[in-house]
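Spelled out, the chains give:
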Amino acid sequence: MDSETFLGDVAIVTGAAGGIGAATARMLAAHGAKIVLTDIKQALGTQVAADIGEAARFVAHDVSDGCDWKTVLSVAEDSFGPVSILVNNAGIAPTPTPLFEVSEADYRRVIEINQISCFLGMKTVAPSMIGRGGGAIVNVSSVAGLKAERGAIAYVASKFAVTGMTKVAALDLAKDNIRVNSVHPGLVDTPMVRPEGGAAAFEPILQFASGLPIPRPGSPAEIANLIVFLASKSASFLTGGSYAADGGWTL
Ligand SMILES: NC(=O)c1ccc[n+]([C@@H]2O[C@H](COP(=O)([O-])OP(=O)(O)OC[C@H]3O[C@@H](n4cnc5c(N)ncnc54)[C@H](O)[C@@H]3O)[C@@H](O)[C@H]2O)c1
């Protein structure tokens, strides 16, 4: 991969104000893509886009809102042309809570942000990809889209759904030359897993990670590497796959 790998590509990356999304946006741009970064965190998202420079735009975007998706696509097409890469990365992970204590509203919110967002994103952006002859979609699921986790009923449901939706979309869109794959991060050092309270509060998480086959949290760049590979032409024979980047957690 070099600075021209994604020359001519136009990418949308959601949840790009920090963590895995920001690392993915920076990596795609470094390899030649034009990027529309989206997030609900405007100040941080604008800063990441400014760091990237002329090749990037930031759009304030709630991924669970279908109207917002239409705006994002318009900005991408007006700024750079038809979209060839979509990374559905935005997500939330509620604090683990026993099943009978989870409220219906909280359950629905997780499904809206983690699952419905991927449906809306693929539905909105696929026609733009078809118009330019094809593209690649990467949906960011989780190890929690491959195995259960205690106290995470809504999160696990939403991420298993992303795993399944990816496979349906891969079947539906193959004839249009659009590949669709899911990525399943393990424990990754991002704001999502950094509780308030600084280093001391992070200690139990590091303790857990030390028991994994690769005994540390992953970095955002280690997940971005996989996302960017799946979005690239080097992955031209891969579609409908579920790829873990989890330090061996699911072994
Ligand atoms: N960090 C991990 O250990 C881990 C593990 C497995 C899967 N994941 C998944 O990776 C993805 C990225 O997470 P991350 O670890 O970088 O966390 P993060 O919290 O740094 O990034 C998630 C981003 O999504 C944004 N977001 C939240 N709700 C949104 C909404 N309604 N509309 C638009 N943007 C919204 C947040 O503002 C945030 O910037 C998520 O889908 C997450 O579930 C993370």
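Residues numbered from 1 in each chain as written. Predicted model: local features only at pLDDT ≥ 70, side-chain atom pairs only at ≥ 80, totals over all residues. Heavy atoms only, no water.

### Observations regarding the overall build of the protein chain
Inference 1: Summing up its helical and strand segments, the protein chain has seven helices and seven strands in all.
Inference 2: Going from N to C terminus, the protein chain has its helices and strands arranged as β-α-β-α-β-α-β-α-β-α-β-α-α-β.
Inference 3: A globule of 251 residues ought to have a C-alpha radius of gyration of about 18 Å, and the protein chain, at 17 Å, matches this closely.
Inference 4: Here the C-alpha coordinates of the protein chain stretch approximately 45 × 35 × 35 Å along the principal axes.
Inference 5: Looking at the 251 residues of the protein chain, the share that counts as buried comes to 49%. (Helix = DSSP H or I, 4+ residues; strand = E, 2+ residues; numbered from the N terminus. Rg over C-alpha atoms; globule rule 2.2 N^0.38 Å. Buried < 20%, exposed > 50% of the residue type's maximum accessible area, 1.4 Å probe, protein only.)

### Focus: the sheet that holds strand β6 (residues 178-185)
Inference 1: One open sheet accounts for seven strands, arranged β3-β2-β1-β4-β5-β6-β7; its pairing is parallel. In this open sheet, the two strands that pair with only one neighbour each are β3 (56-60) and β7 (242-245). Direction aside, the axes of adjacent strands within the sheet are offset by 20° on average.
Inference 2: As paired strands, strand β1 (residues 10-14) and strand β2 (residues 34-39) are joined by five bridges and run parallel to one another. Residue pairing across strands places Val10 opposite Lys34, the latter belonging to β2.
Inference 3: Contacts from helix α7 (residues 220-231) reach β4 (85-88), β5 (135-140), β6 and β7 within the one sheet, and its direction differs from that of β6 by about 170°. (Pairing = 2+ DSSP bridges. Axes fitted to C-alpha atoms, helices over the stretch in contact; angles between N-to-C directions. Contact = heavy atoms within 4.5 Å.)

### Here we look at the packing of helix α3 (residues 66-80) against helix α4 (residues 104-132)
Inference 1: At a closest axis distance of 10 Å, the pairing of α3 and α4 adopts a crossing angle of 35°. Crossing of α3 against α4: the hand is right-handed. Between α3, through Gly66, Trp69, Lys70, Leu73 and Glu77, and α4, the contact on the second element is made entirely by Ser117, Leu120, Gly121, Thr124, Val125 and Ser128. (Left-handed = near helix turned anticlockwise from the far one by under 90°.)

### Describing the environment of Gly145
Inference 1: Take Gly145: it is sitting in the loop between β5 and α5 (153-173).
Inference 2: In this structure, the C-alpha to C-alpha distance between Gly145 and Pro220, residues 75 residues apart in sequence, is 18 Å.
Inference 3: Setting aside residues no more than four positions away along its own chain, Gly145 makes contact with Lys159, Phe160, Thr163 and His184.

### Comments concerning the site of the ligand
Inference 1: Taken together, 27 residues lie near the ligand, and Ile20, Asp39, Asn89, Tyr155 and Thr190 sit nearest.
Inference 2: Contacts to the ligand include Val63, whose backbone N or O atom sits 3.0 Å from a nitrogen atom.
Inference 3: Here Val188 contributes a backbone N or O atom positioned 2.9 Å from an oxygen atom of the ligand.
Inference 4: Protein contact buries 95% of the 820 Å² of open area that the ligand shows by itself.
Inference 5: Contributions of two or more residues to the shell around the ligand are made by α1 (19-30) and α5. (Near = heavy atom within 4 Å. Polar contact = N/O pair within 3.5 Å; in protein donor to acceptor, adjacent residues only side chain to side chain. Areas by Shrake-Rupley, 256 points an atom, 1.4 Å probe, with all protein chains shown as cover.)

### Observations concerning the pattern of salt bridges
Inference 1: In this structure the tally under the stated criterion is seven salt bridges.
Inference 2: The partner of Lys175 in a salt bridge is Asp176, with the nearest N and O atoms 3.3 Å apart.
Inference 3: In this structure, Glu222 engages Arg216 in a salt bridge whose closest nitrogen and oxygen atoms are separated by 2.8 Å. (Salt bridge = Lys/Arg side-chain N within 4 Å of Asp/Glu carboxyl O.)

### Considerations on unusual backbone geometry
Inference 1: Although it is not a glycine, Asn177 sits at a positive phi angle of roughly 65°.
Inference 2: When you line up the elements, Asn177 lands in the loop between α5 and β6.

### Structural notes on the state of the cysteines
Inference 1: The full count for this structure, using the stated rule, is zero disulfides.
Inference 2: Unpaired in terms of disulfides, Cys67 finds its nearest cysteine sulfur in Cys118, a separation of 18 Å.
Inference 3: When its relative accessible area of 57% is taken as the criterion, Cys67 is described as exposed. (Disulfide = S-S within 2.5 Å.)

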